[in-house]
Amino acid sequence: MRKLAIGAALSGALALSGLAAPAASAAGTPDLKFSGVTVNKGKPVVVGTAKVVTVPVSYTLTRPKDLVIDQEKTIQAVMLYRGTLRAMDNDLGPQVPPVCTQTATTDTTVTESCTEKIPVDPGESLWAADATTWKAAGLFAHSDGSASDDYLHTENDMTAWGNLATVKLQRAARLTVNAAPEPAVKGRTLTVTGRLTRADWEEGRYAGYRGQAVVLQFKADGGSYADVRTITSGTGGALSTTVKATKSGTYRFVFAGTSTTGAETSAGDHVTVR
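Asks: What is the right way to read the overall build of the protein from this model?
Replies: Across its full length, the protein carries two helices and 18 strands. Counting all 274 residues of the protein, 42% fall into the buried class. Of the contacts formed within the protein by residues at least 6 apart in sequence, a portion of 68% connects residues at least 24 apart. As displayed, the protein offers around 14,300 Å² of accessible surface, 48% of which is attributable to carbon and sulfur atoms.

Structure, rendered in structure tokens:
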């Protein structure tokens, strides 16, 4: 499968060339317009420690009618970046060409609806500081090159238009629950424990998330969940509280998430009360 020549190498080239998003097309740069950029359907991108997360991106591209974009020597795409175009702290881009469908034409322009997928590999791409808001940039690159066993010549011309959209990148959370003793005696005390952890991308594991509000919920058999109380995670993300056993049902913990960490709900732990 062909891969787009964008990503870390491209962001480095952009930074070295000092390119920034122009207010208008620079001389020699095609008049491209990226609009309606939507990343991950407007939702935060939540990433764990191992699984590659595929982020869908959609946008509208308006280009000159006579401009041919073959995604080999001439490339167009949307990428995600943190920092500024002049000095990116990190960037993510598609590894295969976008899929574009023509929607309108004029005497001089073509408008296309485009979609692409950006893979996010936590083991290769992310650092702790990446759990923040990222921006989207439209990208155009042209390579004029000749290559053979006897001769190699390459010239690259790249332009990026930044601040087209934003998306939050968050660490995935995990949440456990256990209610004991089981079965319980009616009127006696139940201890409900658990642990809140979140992805540590640099270490490749889940680590305790301390000092966070977590809600204990209870659902009686045949009923629906209702809040019991809010507690705060302690050392290593530990959770612990006590309740009086009154009826059989299921306990769970609910974490609403933070700006850097995704929301999570534990599985339920059913307790029979006798």
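Asks: Which parts of the structure should I look at to understand the nonpolar core?
Replies: Formed by 31 residues in total, the largest nonpolar core has its most connected members in Val37, Val39, Tyr59 and Leu80. The contact partners of Leu80, leaving out residues within four places of it in the chain, are Val39, Asn90, Asp91, Leu92, Ile118, Trp134, Lys135, Ala136 and Val167. In terms of nonpolar packing, the next biggest core, distinct from the first, is built from 21 residues, Ala173, Ile231, Ala245 and Val273 among them.

Asks: When you look at the packing of aromatic side chains in this model, what are you seeing that I'm missing?
Replies: Aromatic rings considered in pairs are described by the distance between their centres and by the relative angle of their planes. Across all of its chains, the model carries four aromatic pairs by this definition. Arranged with centres 4.6 Å apart and planes meeting at 40°, the rings of Phe218 and Tyr251 form a pair that is tilted. Placement of Phe218 in strand β13 (residues 213-220) and of Tyr251 in strand β16 (residues 249-255) is noted, with a sequence separation of 33 residues between them. The lysine or arginine in question, Arg174, covers the ring of Tyr206, its NZ or CZ lying 3.9 Å from the ring centre. One Lys or Arg, Arg198, reaches over the ring of Tyr209 and ends 3.9 Å from the middle of that ring.

Asks: Just to check I follow, could you spell out the pattern of salt bridges for this structure?
Replies: Side chains that differ in sign of charge can pair as their charged atoms come close. With the rule as written, the count across this model stands at three salt bridges. In this structure, the salt-bridge partner of Asp89 is Arg82, at a minimum N-O distance of 3.7 Å. Residue Asp130 pairs with Arg82 through a salt bridge whose shortest N-O separation is 2.6 Å. Remark: Arg82 occurs in strand β4 (residues 74-83) and Asp130 occurs in the loop between α2 (122-125) and β8 (133-147); sequence separation between them is 48 residues.

Asks: Could you clarify how one ought to interpret unusual backbone geometry in this entry?
Replies: A negative phi angle characterises most non-glycine residues, just as the trans form characterises most peptide bonds. The amide bond that connects Ala180 to the next residue, Pro181, takes the cis arrangement and shows omega of 0°. Structurally, the position occupied by Pro181 is in the loop between β10 (173-180) and β11 (189-200). Positive phi values are uncommon outside glycine, yet Gln71 reaches one of about 60°. Of note, Gln71 is situated in the loop between β3 (53-64) and β4. If you check the backbone angles, Asn163 has positive phi at about 55° while not being a glycine. Structurally, Asn163 is set in strand β9 (residues 152-171).

Asks: When you look at the sheet that holds strand β1 (residues 33-39) in this model, what are you seeing that I'm missing?
Replies: Strands pair in a sheet through their backbones, by hydrogen bonds, and they do so in one of two ways: parallel or antiparallel. Read from one edge to the other, the open sheet built from four strands follows the order β1-β3-β7-β6, with strand pairing classed as antiparallel. Both edges of this open sheet fall to β1 and β6 (99-105), since each of them pairs with a single strand only. Each strand of the sheet is rotated relative to its neighbour by a mean of 20°, with strand direction disregarded. Relative to β3, β1 runs antiparallel, the two sharing five bridges. Looking at β3, one finds that Lys33 is bridged to Thr62.

Asks: Mind showing me how you'd approach the pairing of β3 here?
Replies: In the case of a regular strand, side chains alternate between the two sheet surfaces. Pairing between β3 and strand β7 (residues 109-120): 12 bridges, direction antiparallel. Across the sheet, the residue bridging to Pro56 is Lys117, located in β7.

Asks: Would you take a moment to explain the side chain of Thr197 for this structure?
Replies: Note that Thr197 resides in strand β11. Judged by its relative accessible area of 8%, Thr197 is buried. When near neighbours in sequence (up to four residues on either side) are disregarded, Thr197 contacts Ala172, Ala173, Arg174, Tyr206, Ala207, Gly208 and Tyr209.

Asks: I'm lost on the side chain of Asn40 in this one. Help?
Replies: With respect to the element layout, Asn40 can be found in the loop between β1 and β2 (45-47). At 3.0 Å, the side chain of Asn40 and the backbone oxygen of Pro44 are in polar contact.

Asks: Honestly, the pairing of strand β5 (residues 88-92) in this entry has me stumped. Any pointers?
Replies: For β5, the tally of buried residues reaches four of five residues, placing the bulk of the element in the interior. Pairing of β4 with β5, which is carried by four bridges, proceeds in the antiparallel orientation. Bridged to Gly83 within β5 is Met88. Counted along the chain from β4 to the antiparallel partner β5, the turn is four residues long.

Here is what the cut-offs are and how they apply
- Residues numbered from 1 in each chain as written.
- Predicted model: local features only at pLDDT ≥ 70, side-chain atom pairs only at ≥ 80, totals over all residues.
- Heavy atoms only, no water.
- Helix = DSSP H or I, 4+ residues; strand = E, 2+ residues; numbered from the N terminus.
- Buried < 20%, exposed > 50% of the residue type's maximum accessible area, 1.4 Å probe, protein only.
- Contact = heavy atoms within 4.5 Å.
- Areas by Shrake-Rupley, 256 points an atom, 1.4 Å probe, with all protein chains shown as cover.
- Core = buried A, V, L, I, M, F, W, Y, C linked by side-chain atoms within 4.5 Å.
- Phe/Tyr/Trp six-rings, centres within 6.5 Å; stacked < 30°, edge-to-face > 60°.
- Lys NZ or Arg CZ within 6 Å of the ring centre and 35° of its normal.
- Salt bridge = Lys/Arg side-chain N within 4 Å of Asp/Glu carboxyl O.
- Pairing = 2+ DSSP bridges.
- Axes fitted to C-alpha atoms, helices over the stretch in contact; angles between N-to-C directions.
- Polar contact = N/O pair within 3.5 Å; in protein donor to acceptor, adjacent residues only side chain to side chain.

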